[in-house]
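Chain residues, written in single-letter form:
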Amino acid sequence: MKNNDLNRFSLVFGALFVTVGIYYVFSELFTIVNCSSPQTAYFAHTISELGIPINENNAFSPAYQIMNTALLICGASFFWSNLLFFSVIYKNGFSSRKQLFFANTLSFLASLGTAIVGICHADASSDAILYLHYAGASCSFIFGNSLIIFTCGKFKANGFESLASFGKILGFIGLFSGFMTIVCELTPLKNLSGLAERFTVYPIVVWEILIGLFVLSSEIKKRRLQSVNA
């Protein structure tokens with residue numbers, strides 16, 4: 001498929017970005033509603049806990065498969081949607097191939113980390129799998145929010161200053177909250193680790209939705225302009 005063909009489907013791609021972000025939010029909500037402690041799940045329990053399979057040691061959420069499926073789908077789609085956005089829809093946003101490669105690398109690592117969290121669970125009896133889980137979560141937090149900050153620098157350079165400024169705020173909140181998640185896990189503040197983790201993950205989700213809306217609005221404006229000039 002040629003670039004011109006891809007650009008014709010920008011509305012579809014933009015809608016997909018928005019849909020995937022919303023899908024994650026409602027998947028987590030559904031998993032929490034069906035867990036044993038929905039009143040405290042958003043601040044006292046981490047996303048990792050929502051994905052632990054039901055077994056003799058854990059009965060937190062019977063809907064754990066919904067959470068893990070969302071992590072796998074959102075992890076994969078995050079990479080492909082960003083690859084498409086950077087390489088085709090916003091192909092003039094980067095001044096060099098090195099910058100484009102760097103952005104796609106950040107996107108891939110964040111996506112891989114998210115998918116790993118959905119596969120390797122926090123209650124694993126194997127230390128190797130447990131380490132993979134934490135490594136995946138760290139990749140998702142660090143590289144996902146770093147990608148936001150890096151992308152915002154390109155948006156600002158191309159005249160989208162409001163979007164860039166808001167995105168940078170999201171990215172720095174995400175990185176700081178990732179650090180606070182670790183602090184909470186290792187201190188008496190453990191009951192707040194779930195809340196800190198949400199402030200790490202949700203900036204990435206919000207950014208994906210914003211990118212989708214950006215693509216949609218840009219394409220709608222372009223088509224209106226074309227119809228006026230026709």
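Before reading further, recall that the structure is shown in the block above.
Here is what the cut-offs are and how they apply
Residues numbered from 1 in each chain as written. Predicted model: local features only at pLDDT ≥ 70, side-chain atom pairs only at ≥ 80, totals over all residues. Heavy atoms only, no water. Helix = DSSP H or I, 4+ residues; strand = E, 2+ residues; numbered from the N terminus. Rg over C-alpha atoms; globule rule 2.2 N^0.38 Å. Buried < 20%, exposed > 50% of the residue type's maximum accessible area, 1.4 Å probe, protein only. Contact = heavy atoms within 4.5 Å. Lys, Arg positive; Asp, Glu negative; His and termini not counted. Charge placed at Lys NZ, Arg CZ, Asp CG, Glu CD. Salt bridge = Lys/Arg side-chain N within 4 Å of Asp/Glu carboxyl O. Core = buried A, V, L, I, M, F, W, Y, C linked by side-chain atoms within 4.5 Å. Axes fitted to C-alpha atoms, helices over the stretch in contact; angles between N-to-C directions. Parallel < 35°, antiparallel > 145°, perpendicular 65-115°, else oblique. Left-handed = near helix turned anticlockwise from the far one by under 90°. Nonpolar A, V, L, I, M, F, W, Y, C, P; charged D, E, K, R; others polar. Patch = residues over 30% accessible without salt bridge, like charges linked within 9 Å, V, L, I, M, F, W, Y side chains within 5 Å. Areas by Shrake-Rupley, 256 points an atom, 1.4 Å probe, with all protein chains shown as cover. Expected span 1.5 Å × (residues − 1). Bend = angle between axes of the 7 residues up to and from the residue. Phe/Tyr/Trp six-rings, centres within 6.5 Å; stacked < 30°, edge-to-face > 60°.

Novice: Is there a simple way to think about the overall build of the protein in this case?
Specialist: Along the protein, the regular secondary structure elements total 9 helices and 0 strands. The linear arrangement of helices and strands in the protein, starting from the amino end, is α-α-α-α-α-α-α-α-α. For 230 residues, the compact-globule formula gives about 17 Å, and the C-alpha radius of gyration of the protein, at 19 Å, lands near that figure. Put simply, the protein has 230 residues, and 47% of those count as buried. Here the contacts in the protein between residues at least 6 apart in sequence split such that 70% fall between residues at least 24 apart. Looking at the protein, you have 14 positive and 11 negative side-chain charges, and the mean spots of the two groups are 21 Å apart.

Novice: Would you take a moment to explain the pattern of salt bridges for this structure?
Specialist: Pairing between side chains of opposite charge can happen when the charged atoms of each approach one another. For the structure shown, the criterion picks out 3 salt bridges. Across the pair Lys190 and Glu185 runs a salt bridge whose closest N-O atoms are separated by 2.7 Å. On the accessibility criterion, Glu185 (31% relative accessible area) is partly exposed. Salt bridges sharing partners connect three or more residues here, namely Glu28, Glu197 and Arg198.

Novice: Sorry, what's going on with the nonpolar core here?
Specialist: The nonpolar side chains of a soluble globular protein tend to be buried with one another. In this structure, Phe17, Phe85, Phe86, Leu147, Phe155, Trp207 and Ile211 are the most contacted members of the largest nonpolar core, which totals 23 residues. At the level of secondary structure, the elements contributing two or more residues to this core comprise α2 (10–33), α5 (64–89), α6 (97–119), α7 (127–157), α8 (161–185) and α9 (193–229). With 5 residues, α9 is the single largest residue contributor to this core. Residues within four places of Trp207 in sequence aside, it is in contact with Ile148, Thr151, Cys152, Phe155, Leu163, Gly167 and Leu170.

Novice: Where do I start with the packing of α2 against α9 in this structure?
Specialist: Each pair of packed helices gets described by two things: the angle between the helix axes and the distance between those axes. Where α2 contacts α9, the axes come no closer than 7 Å and their chain directions differ by 155°. Between α2 and α9, the angle falls in the class roughly antiparallel. When you trace α2 past α9, the crossing you get is left-handed. Residues of the contact of α2 with α9, tallied by class, amount to 18 nonpolar, 4 polar and 5 charged.

Novice: How should I be thinking about a nonpolar patch on the surface in this particular structure?
Specialist: A cluster of nonpolar side chains, contributed by Phe43, Ile169, Ile173, Leu189, Leu192, Leu195 and Phe199, occupies part of the molecular surface with about 590 Å² of accessible area. Elements that contribute at least two residues to the nonpolar patch include exactly α8 and α9. By the secondary structure assignment, Leu192 is in the loop between α8 and α9.

Novice: What am I meant to see in the side chain of Ser48 here?
Specialist: Along the polypeptide, Ser48 turns up in helix α4 (residues 47–50). When its relative accessible area of 13% is taken as the criterion, Ser48 is described as buried. Leaving out residues up to four positions away in the same chain, Ser48 has contacts with Val117, Ala122, His133 and Glu197.

Novice: Honestly, α9 in this entry has me stumped. Any pointers?
Specialist: In an α-helix, one turn spans 3.6 residues, which is why side chains three or four residues apart end up on the same side. A rise of 1.5 Å per residue sets the reference length of α9, with its 37 residues, at 54 Å; its end C-alpha atoms lie 54 Å apart and thus fit the reference within 8%. Taking the largest bend as the criterion, α9 deviates by roughly 25°, centred on Val201, and proline Pro203 comes between one and four positions later.

Novice: Whenever I open this one, the packing of aromatic side chains confuses me. Can you help?
Specialist: Describing an aromatic ring pair means giving the distance of the ring centres and the angle of the ring planes. Under the counting rule described, the total for this entry stands at 8 aromatic pairs. Between Phe79 and Trp80, the aromatic rings sit 5.2 Å apart at their centres with planes inclined by 65°, giving edge-to-face as the arrangement. A residue is classified by how much of its surface remains accessible, and Phe79, at 16% relative accessible area, is buried. Here the aromatic residues Phe155, Phe160, Trp207 and Phe214 are joined through ring pairs into a cluster of three or more.

Novice: How should α2 be read in this particular structure?
Specialist: In a regular helix each residue adds 1.5 Å, so 24 residues correspond to 34 Å; α2 covers 35 Å between its end C-alpha atoms and thus fits that length. Within α2, burial applies to Ser10, Phe13, Gly14, Phe17, Val18, Val20, Gly21, Tyr24, Ser27, Glu28, Thr31 and Ile32.

Novice: Explain the side chain of Arg198 to me, please; I cannot follow it from the model alone.
Specialist: Topologically, Arg198 is positioned in helix α9. Once residues within four sequence positions are removed from consideration, Arg198 is found in contact with Glu28, Ile32, Ala41, Tyr42, His45, Thr46, Ile47, Leu50 and Pro203.

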